[in-house]
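These are the residues of each chain, in order.
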Amino acid sequence: MSDVPLDQHALLSDCGAAALVTSAGSVDWLCLPRFDSPPVLARLLDQAAGHFLIAPAIGGSASRRRYRPSGLVLETTWGAPDGDLLLTEAMALGREDRGHQLGRNAPGVLLRAVRCVRGEVTVRVEYCPRPEFGLVQPWLSRERHAVVAHGGATVLVLSTEVDMDVDEGTAHAVVTLAEGQELAFALTQGSAWDPAPAPWSSRQIRQGLDTTDEAWRSWSQLHQRYEGPHRDLVHHSGVVLQGLTCARTGAVAAAPTTSLPEGVGSGRTWDYRFTWVRDASMTLQGLWIAACPDEAVRFFSFLATAAATQLHLGQDLQIMFGVGGERDLSERELPHLSGWRGSGPVRTGNDAWRQRQLDVYGALLDAAYTLRGQLGELDDPTRTFLVSAVDAAAARWKDDDQGIWEMRGPGRPFLHSKLMCWVAVDRGLAMSDVLQPDQDRATTWAAAHREIRDAILTQGWSDHAGAFTQTFGSDELDASVLLLAIVGFLPPDHPGLHATIDAVERGLADERGLLYRYRGDDGFDSTEGTFLLCTFWLAHALAITGQTSRARAVLDRAARCATPLGLFAEQIDSTTGELLGNFPQAFSHLGLVTAAHALAEAERAAR
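Residues numbered from 1 in each chain as written. Predicted model: local features only at pLDDT ≥ 70, side-chain atom pairs only at ≥ 80, totals over all residues. Heavy atoms only, no water.

A. The arrangement of the overall build of the protein in detail. The number of helices and strands found in the protein is 15 helices and 24 strands. Principal-axis analysis of the C-alpha atoms places the extent of the protein at approximately 75 × 50 × 50 Å. Taken over 607 residues, the protein has a buried fraction of 62%. Put simply, of all contacts in the protein between residues at least 6 apart along the chain, 67% involve residues at least 24 apart. Of the side chains in the protein, 53 bear a positive and 75 a negative charge, and the two mean positions are spaced by 3 Å. (Helix = DSSP H or I, 4+ residues; strand = E, 2+ residues; numbered from the N terminus. Buried < 20%, exposed > 50% of the residue type's maximum accessible area, 1.4 Å probe, protein only. Contact = heavy atoms within 4.5 Å. Lys, Arg positive; Asp, Glu negative; His and termini not counted. Charge placed at Lys NZ, Arg CZ, Asp CG, Glu CD.)

The structure is reproduced here in structure tokens:
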């Protein structure tokens with residue numbers, strides 16, 4: 001099994017595919033050509049599922065890891081007994097991938113170059129490809145300037161001028177480098193039925209790394225504009241969120257991994273390599289703050305295309321899609337993989353796509369409202385799609401559903417779902433000039449707006465809890481009710497809002513001051529960690545209600561959960577403080593961005 005702590009992993013992305021590389025110099029996760037493709041390297045989930053290692057052969061420790069400024073080009077420096085080694089790596093971006101075009105022309109290639117920068121260092125290279133989640137042990141052959149792997153439907157070409165030995169599906173080499181000498185590698189995937197991809201020369205690899213660095217910097221120069229608390233971390237979160245965006249389609253992946261557990265041995269292992277309507281909509285709002293939302297129109301077009309006819313036919317809006325717009329994301333288990341820390345089952349696909357989650361309408365319309373200045377004049381399919389989403393929220397808000405936390409089992413009257421239906425009609429009414437509803441439709445929306453508000457105020461409050469609660473008629477606390485402040489449902493000075501914020505912090509915080517999502521029964525016998533997004537929501541709600549000192553303390557506490565490379569996981573183990581869940585998590589980066597922005601605005605207003 002793999003047991004490398006998640007905080008020792010770095011993200012590489014070309015805005016379409018992703019890799020994770022450990023501090024030991026091993027790429028233990030690589031999906032090509034898309035985020036949700038079967039991985040060709042998956043030691044993250046099982047020791048035998050494939051890896052690609054470059055590291056000092058004897059001794060040495062990674063004394064420094066950093067991303068080059070404004071992007072996802074990673075540099076790792078080792079201090080070995082007789083010299084120093086620098087490893088530079090990235091998912092390649094094309095020469096035309098500049099500014100708003102970032103990732104549109106990415107070739108789908110992992111680039112790695114290792115140079116001796118002082119003295120003399122012996123380098124160990126170990127390449128063990130295992131396509132299709134480790135099911136395929138390919139046949140490796142040494143060819144001119146490349147090691148070629150054939151197996152299943154995939155051909156992999158590892159470009160290198162190193163003379164590597166090949167043995168039972170693994171290629172390896174040990175090379176001594178003097179100061180200034182370098183080894184370069186490029187890993188490319190193709191179809192087994194087409195000609196193998198052409199190898200990259202060492203010169204092309206070096207140029208590719210420089211080109212990728214320039215591409216990321218060109219994007220950041222156009223996009224990064226936030227000034228406020230945790231500025232550098234917010235800017236880096238913008239880069240990460242962009243890295244989780246599929247440039248060709250406009251989709252946003254929730255995370256680049258599957259089956260990293262929400263608690264060791266918990267069974268809470270899900271595939272997050274898809275685009276949730278809720279997560280992606282909220283991520284666009286994060287990019288509006290941390291970067292620039294000019295790519296937003298592509299996301300709305302993506303959804304309008306992916307969900308075409310669903311709302312028109314009276315169906316619920318599907319809550320998630322493949323990053324290419326696929327609807328069928330049927331879930332299955334992979335019993336041949338042990339899972340990270342032995343925490344199976346490992347899953348591919350996610351049956352949550354079958355669930356009913358009514359909050360998606362509000363997330364979608366809230367993002368459209370925030371980004372209305374960038375959307376411009378909507379094309380007919382997108383406008384019709386957004387109007388249909390408001391219609392659905394107005395018609396279905398009384399129904400039960402599985403809620404934001406995707407409870408598996410019968411639906412319930414979740415307050416958060418009702419609230420986000422209110423958001424959908426509220427934003428729809430506010431965008432009437434753009435959406436152009438007829439008079440009857442506008443009247444229906446206005447009536448639903450009043451009805452939902454009255455229902456939340458009368459059925460969502462619990463005298464016993466002294467707060468708004470998880471579901472109508474219950475006393476259970478849920479961090480999602482913090483959105484009552486964030487979406488503007490109640491005024492900042494409302495006493496019930498303040499009481500709810502206090503009750504949530506008091507009832508859901510662990511000893512570190514980080515929030516659980518909820519504490520009630522969810523069908524699992526095992527526990528999970530605290531949820532970083534919820535802690536950022538707490539900071540956000542405190543900022544909006546004018547409690548800036550408390551907000552800053554909570555924000556600082558949650559921000560300290562970032563790895564040394566500025567990456568956030570989904571959850572934190574309350575006992576050990578270790579990172580849990582799929583990694584890195586878009587929701588957590590989004591939470592930091594929006595909470596920091598809210599605090600900056602609140603402190604500015606207070607001054």
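B. Just the sheet that holds strand E22 (residues 530–531), in detail. Spatially, three strands are ordered E22-E23-E24 in an open sheet, and the strand pairing comes out antiparallel. This sheet does not close on itself; its edge strands, each paired only once, are E22 and strand E24 (579–580). Here E22 pairs with strand E23 (residues 571–572) via two bridges, running antiparallel. Bridge pairing links Thr-530 to Ile-572 in E23. (Pairing = 2+ DSSP bridges.)

C. Looking closely at the packing of helix H14 (residues 548–559) against helix H15 (residues 586–606). Where H14 contacts H15, the axes come no closer than 10 Å and their chain directions differ by 155 degrees. The angle between H14 and H15 places the two elements in the roughly antiparallel class. As for the relative orientation of H14 and H15, their crossing is left-handed in sense. For the pair H14 and H15, contact is made by Thr-548, Ala-551, Arg-552, Leu-555 and Ala-559 and by Leu-592, Ala-595, Ala-596, Leu-599, Ala-602 and Glu-603, respectively. Tallied by class, residues from the contact of H14 with H15 come to eight nonpolar, one polar and two charged. (Axes fitted to C-alpha atoms, helices over the stretch in contact; angles between N-to-C directions. Parallel < 35°, antiparallel > 145°, perpendicular 65-115°, else oblique. Left-handed = near helix turned anticlockwise from the far one by under 90°. Nonpolar A, V, L, I, M, F, W, Y, C, P; charged D, E, K, R; others polar.)

D. Broad picture of the pattern of salt bridges. Considering all chains together, one arrives at 37 salt bridges under this definition. Close ionic contact of Arg-278 with Asp-359 constitutes a salt bridge, the shortest N to O distance being 2.5 Å. Residue Arg-278 is found in helix H3 (residues 277–290), and its partner Asp-359 is found in the loop between strand E19 (347–348) and helix H5 (360–370); the two are separated by 81 residues along the sequence. You can call Asp-359 buried: its relative accessible area is 1%. With its nearest N and O atoms 3.8 Å apart, the salt bridge here joins Glu-333 to Arg-347. Remark: Arg-347 occurs in strand E19 and Glu-333 occurs in strand E18 (residues 332–333); sequence separation between them is 14 residues. On the basis of relative accessible area, Arg-347 is assigned to the buried category, the value being 9%. (Salt bridge = Lys/Arg side-chain N within 4 Å of Asp/Glu carboxyl O.)

E. Summary view of the environment of Val-423. Note on placement: Val-423 falls in helix H8 (residues 415–430). With 30 residues separating them in the primary sequence, Val-423 and Ala-393 have C-alpha atoms 9.0 Å apart. Beyond its immediate sequence surroundings of up to four residues, Val-423 is in contact with Gly-362, Asp-366 and Val-487.

F. Structural view of the packing of aromatic side chains. In this structure the tally under the stated criterion is ten aromatic pairs. Centre to centre, the rings of Phe-52 and Phe-185 are 5.8 Å apart; their planes meet at 80 degrees, and the pair counts as edge-to-face. A residue pair is termed long-range when its members are at least 10 positions apart, and Phe-52 in strand E5 (residues 51–56) and Phe-185 in strand E15 (residues 182–191) qualify at 133 residues. Ring centres 6.0 Å apart and planes at 45 degrees place the aromatic pair Trp-405 and Trp-537 in the tilted group. With Trp-405 in the loop between helix H7 (380–396) and H8 and Trp-537 in helix H13 (residues 532–544), this pair connects stretches of sequence that are 132 residues apart. Since its relative accessible area comes to 8%, Trp-405 is described here as buried. (Phe/Tyr/Trp six-rings, centres within 6.5 Å; stacked < 30°, edge-to-face > 60°.)

G. Representation of H5 within the structure. For H5, the buried fraction is high: nine of the eleven residues fall into the buried class. All of the buried residues along H5 are Val-360, Tyr-361, Gly-362, Ala-363, Leu-364, Leu-365, Asp-366, Ala-367 and Ala-368.

H. Seen up close, the side chain of Lys-418. Note that Lys-418 resides in helix H8. Beyond its immediate sequence surroundings of up to four residues, Lys-418 is in contact with Trp-397, Lys-398, Asp-399, Asp-400, Pro-413, Ile-452, Ile-456 and Phe-472.

I. Quick look at the pairing of strand E8 (residues 83–91). Within E8, eight of the nine residues are buried, which leaves the element mostly enclosed by the surrounding structure. As paired strands, strand E7 (residues 74–80) and E8 are joined by seven bridges and run antiparallel to one another. The residue bridging Thr-77 from the neighbouring strand is Leu-86, located in E8. Between E7 and the antiparallel strand that follows it, E8, lie two residues. Inspection of the sheet shows E8 paired to strand E9 (residues 109–128) by nine bridges, in the antiparallel sense.

J. How the structure looks around the packing of H5 against H7. Taken N-terminus to C-terminus, the directions of H5 and H7 make an angle of 140 degrees; their axes are 9 Å apart at the nearest point. Compared by their axis directions, H5 and H7 come out oblique. Considering the relative orientation of H5 and H7, their crossing is left-handed. Across from Tyr-361, Leu-364, Leu-365 and Ala-368 in H5, the residues of H7 making contact are Phe-385, Leu-386, Ala-389, Val-390, Ala-392, Ala-393 and Arg-396. Per-class residue counts for the contact of H5 with H7 are ten nonpolar, no polar and one charged.

K. Structural detail: the nonpolar core. Grouped together as the largest cluster of nonpolar side chains are 211 residues, with contacts concentrated most on Leu-30, Phe-52, Tyr-127, Met-164, Phe-300, Tyr-361 and Leu-364. Not counting residues within four places of it along the chain, the set of residues in contact with Leu-364 comprises Val-277, Ser-281, Phe-300, Leu-303, Leu-317, Phe-385, Leu-386 and Ala-389. (Core = buried A, V, L, I, M, F, W, Y, C linked by side-chain atoms within 4.5 Å.)

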